[in-house]
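Listed here are the chains, written in short residue letters.
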Amino acid sequence: MQYRKFNEEEYLRVMAGFIGEGPETKVFRDALDFARKAHADQWRRSGDPYIMHPCNVARILAEELDIRNPEILAAALLHDTIEDVESVTSAVIREKFGPRVEGIVEGCTKVTHHVGDKQTFKKLVHRKIFSGAAARPEVMIVKLADRLHNLRTLSSMPRHKRQKIADETLDIYAPLATILGLFAIKRELYNLALAYKFPRQGNKLQLHITRLRQNPEILEIVRRVQVALEKDGVDGKVDLRTKGLWGYYDIKNRILIKEIESPQEILITVASRGECYRALGTLNILYPPIPRTIRDFIANPKPTGYQGLHARANIEGRKYLFKLRTEEMGRKAQRGLVRDWTTGEKSGGRFVKQIQEMFDILGSDDSVSYRDMIAAGGRKEMYTYTPRGDLICLPVNSLVLDFAFRVHTAIGQTCVAAMIGKRRVPPDYVLKDGDVVKVVRQETPVRFDQAIQRLCQTPRARSELAKGFRLRRQEVSREIGASVFRQEIRRYGMPFEVIEKKGMSDILTYFHLDSLDDLFLQIGEGRVRLRELIYEVRNGLYVGRETLQLPTGIFNRVELATVDPVVVKSSACCKPTPLDKGVIGLLSNRGLSLHKKDCSRLQKIKFQREDAVEVRWKLRGTRVTKMQKIIVMAATRHRIFMLLSVAPDEMKISEIVGLGRQTAAPSAWEISFTVVDLYDLKKICKHFDRSGLPYEFDFEG
């Protein structure tokens, strides 16, 4: 292999053209010297000295994103040092380059030590990066530049590695670039990743794209627009943009498609904001716009800061998108999140805060699929309005709940409906472009169903719902943990009051916990080993006294007053209901996983006695809010109506549907009904048991 040399003088000269050579750039030059020495014996597969990679990452930030801050660029030079060089630690980076540089480098550093499966390790790697980006969005900007340079030099990697990096780019990094408004980087990330992911199909599409660029029809449209602008005295330049592979990628189905509706865009660049509107007038005369398709992103910029005018026209049966803007608007359109980072401190605007909120939930809540959330954040926008006329920009197909959370977290949490005109619509109503939405609220937070989270289109709504679900689980898990701990202590013959001794604080410190509430939560989620905890209590708080030996095989018992599916989940294998006896719940941070005691799958799961509880319900204290259904397998019309006529008064029937064709012969019947609580439901099930008719009942929690 032909090894290359790194020309440090030439690199410094190029970078000086971007950031100058003043005293404030010393941190950048020092970082270059440090990184060059740290990576001195390392080489890339391409034959380049390793130092060329971080140098190119810093250059991408300066040259392609206009980032001039020496500390961010220094962090880009150092982003691999902690991970790849044993002698370099976070403390070393902090001491030499300060807390900001150290924070960015630490955020970019992957998790290196993990015991467990590869999938869990991969999630940990990404969640650490997201956590770093929540504190410092610069972390994700450096990671995107890092990924872009890796893709530009990916040809030297083995095929399986290329595929892996391409997949990860398509799932995470390219959609994130879209969310952050870094559209030039987004397009290149998609184009490069798709070329490696679909080499044959990609080559065919590239030939098709090349032919489109040379299409005389579109070139004639460009020429006619240019002539019309000159005729009207508008100083403007007309260019053709043909979409690359990125435009043909179906994100939902993860495939390349052969044709798209608008494969080309026509860009009109003028000198000033006023000229944009003059040029639009000229364009409308030449090619009348499709009704209701003109978009004014100058008066109403996108959340990313994007500005411009959009107009769509149907020319000889084909739709074309025209984009009108100034050079400055065009430059900022590619900068998104970093458009205000050219000189120094990052912007603290609303968009940056929304991005940080998204990264916070991506990094901290493993109940959320970060792939789904990232995909949700990168969809096309539509425009909705508050009753006061404030613009709320949302992804297409957003719900009322997306709108409510975008306005304010508290409004989303208490949203029960919305008024659109004179119509009242539910929180899961899909909004349309131009809707004026008035949110209807209740005083207390709504206990949303989990299904609505998958329908929401904004990361904000999904993340806030996930937080709400987590709090609901934790509330019950604390109660379970306290009950289990109390039972376990008394089984050993110790008084529960023993935990009030001063030494309990030492036990909490040993388990890295701040309070008894935290301890109860961790017990209820199965994250503290009860056996180890009891050992510490016996030897720390009850030392020298006789204790009982715990009988083996006996589960602790908990009594619940909720059937909330966020908290308790019936396993599909045996489908236990709250009316069954001998229900076993496995403790986890995702709630109780319920099985019947004799479930064959439960017998195969390896768990300790302390990892499970026997679950019972307070029948009168547990409300049932959802519609329930009973299917009677074989009964005549006369028999089923006789049976229902003498059913308990608590059974409020809403619908009876015959599932068979013949009315005289016995057939199946589906009965939908509501009840107040589990006690009433048990009475109804006993009524059907006494009838002797075969029936099926799956509880809806």
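Not measured: the values here are computed from a predicted model. (Residues numbered from 1 in each chain as written. Predicted model: local features only at pLDDT ≥ 70, side-chain atom pairs only at ≥ 80, totals over all residues. Heavy atoms only, no water.)

A. Representation of the overall build of the protein chain within the structure. Across its full length, the protein chain carries 27 helices and 21 strands. Counting the 701 residues in the protein chain, one finds 50% classified as buried. Long-range pairs, those at least 24 residues apart, make up 68% of the contacts in the protein chain between residues at least 6 apart in sequence. (Helix = DSSP H or I, 4+ residues; strand = E, 2+ residues; numbered from the N terminus. Buried < 20%, exposed > 50% of the residue type's maximum accessible area, 1.4 Å probe, protein only. Contact = heavy atoms within 4.5 Å.)

B. Region of interest: the environment of Pro-576. Mapped onto the fold, Pro-576 is located in the loop between β14 (568-570) and β15 (583-586). As for Pro-576 and Leu-594, which are separated by 18 residues in sequence, their C-alpha atoms are 6.8 Å apart. Look past the residues within four positions of Pro-576 in its chain and what remains in contact with it is Ser-570, Ser-571, Val-583, Leu-594, His-595 and Lys-596.

C. Quick peek at the packing of helix α10 (residues 159-179) against helix α11 (residues 183-197). Contact geometry of α10 with α11 gives a least axis separation of 9 Å together with a crossing angle of 160 degrees. In terms of their interaxial angle, α10 and α11 are classed as roughly antiparallel. α10 and α11 meet at a crossing whose hand is left-handed. When α10 is examined against α11, the residues Arg-162, Gln-163, Ala-166, Asp-167, Thr-169, Leu-170, Tyr-173, Ala-174, Pro-175, Ala-177 and Thr-178 are found in contact with a partner set consisting of Phe-183, Ile-185, Lys-186, Leu-189, Tyr-190, Ala-193, Leu-194, Tyr-196 and Lys-197. Split into classes, the residues belonging to the contact of α10 with α11 amount to 13 nonpolar, 3 polar and 4 charged. (Axes fitted to C-alpha atoms, helices over the stretch in contact; angles between N-to-C directions. Parallel < 35°, antiparallel > 145°, perpendicular 65-115°, else oblique. Left-handed = near helix turned anticlockwise from the far one by under 90°. Nonpolar A, V, L, I, M, F, W, Y, C, P; charged D, E, K, R; others polar.)

D. Structural view of the nonpolar core. Counting residues in each nonpolar core, the largest one holds 76 residues, and the members touching the most others are Leu-61, Leu-78, Ile-93 and Met-140. With 9 residues, the top contributor of residues to this core is α10. With 59 residues, the next largest nonpolar core counts Leu-530, Leu-592, Val-675 and Phe-697 among its residues. (Core = buried A, V, L, I, M, F, W, Y, C linked by side-chain atoms within 4.5 Å.)

E. The arrangement of the packing of aromatic side chains in detail. Enumeration over the complete set of coordinates arrives at 13 aromatic pairs. Measuring from centroid to centroid gives 6.0 Å for Phe-6 and Tyr-11, while their planes differ by 55 degrees, and the two rings are tilted. A centroid spacing of 6.5 Å and a plane angle of 25 degrees characterise the contact between Phe-555 and Phe-607, whose relative ring orientation is stacked. On the criterion of sequence distance, the pair formed by Phe-555 in the loop between α24 (530-540) and β13 (556-560) and Phe-607 in the loop between α25 (600-604) and β17 (612-617) is long-range, its members being 52 residues apart. One aromatic cluster is present, built from ring pairs that chain together Phe-6, Tyr-11 and Phe-28. The side chain of Lys-302 reaches across the aromatic face of Tyr-306, ending 5.0 Å from its centre. (Phe/Tyr/Trp six-rings, centres within 6.5 Å; stacked < 30°, edge-to-face > 60°. Lys NZ or Arg CZ within 6 Å of the ring centre and 35° of its normal.)

F. Molecular detail of the sheet that holds strand β10 (residues 415-420). Here 3 strands make up an open sheet; going across it, the order is β11-β10-β12 and the pairing antiparallel. The sheet is open, and its two edges are formed by β11 (423-425) and β12 (437-441), each paired on a single side. Pairwise comparison of adjacent strand axes, ignoring direction, gives a mean angle of 30 degrees for this sheet. As paired elements, β10 and β12 share 5 bridges and run antiparallel to each other. Note on β12: the bridge partner recorded for Cys-415 is Arg-441. With respect to the sheet, helix α18 (residues 400-407) is in contact with β10, β11 and β12, its orientation differing from that of β10 by roughly 100 degrees. (Pairing = 2+ DSSP bridges.)

G. Molecular detail of the pattern of salt bridges. The full count for this structure, using the stated rule, is 39 salt bridges. The salt bridge partner of Arg-36 is Asp-33, with a shortest N-O separation of 2.7 Å. Linking Arg-36 with Asp-33, this pair stays in helix α2 (residues 26-38), spanning 3 residues, or about one helical turn. Owing to a relative accessible area of 27%, Asp-33 belongs among the partly exposed residues under this scheme. A salt bridge links Arg-609 to Glu-488, with the shortest nitrogen-to-oxygen separation between them at 2.4 Å. With Arg-609 in the loop between α25 and β17 and Glu-488 in helix α21 (residues 459-491), this pair connects stretches of sequence that are 121 residues apart. In this pair, the class of Arg-609 matches that of Glu-488, namely buried. One network of salt bridges, with partners in common, ties together Glu-8, Asp-33, Arg-36 and Lys-37. (Salt bridge = Lys/Arg side-chain N within 4 Å of Asp/Glu carboxyl O.)

H. View of the side chain of Asp-611. Of note, Asp-611 is situated in the loop between α25 and β17. Side chain to side chain, Asp-611 and Arg-529 meet in a polar contact 3.3 Å long. For Asp-611, the contacting residues outside a window of four places in its chain are Arg-529, Gly-585, Leu-586 and Leu-587. (Polar contact = N/O pair within 3.5 Å; in protein donor to acceptor, adjacent residues only side chain to side chain.)

I. The confidence of the model for the protein chain, seen in detail. Looking at the protein chain as a whole, the pLDDT averages 87, with 89% of positions reaching at least 70. Confidence drops under a pLDDT of 50 for residues 343-347, and excluding neighbours within four residues, the segment shows 11 contacts in the predicted structure. (pLDDT = per-residue confidence, 0-100.)

J. The sheet that holds strand β20 (residues 667-674), seen in detail. Read from one edge of the open sheet, 4 strands run β19-β20-β18-β21, paired in antiparallel fashion. Of all the strands in the sheet, the pair left with one neighbour each is β19 (652-658) and β21 (695-697). Neighbour to neighbour, the strand axes of the sheet diverge by 20 degrees on average, direction disregarded. Relative to β20, β19 is paired through 6 bridges, and the arrangement is antiparallel.

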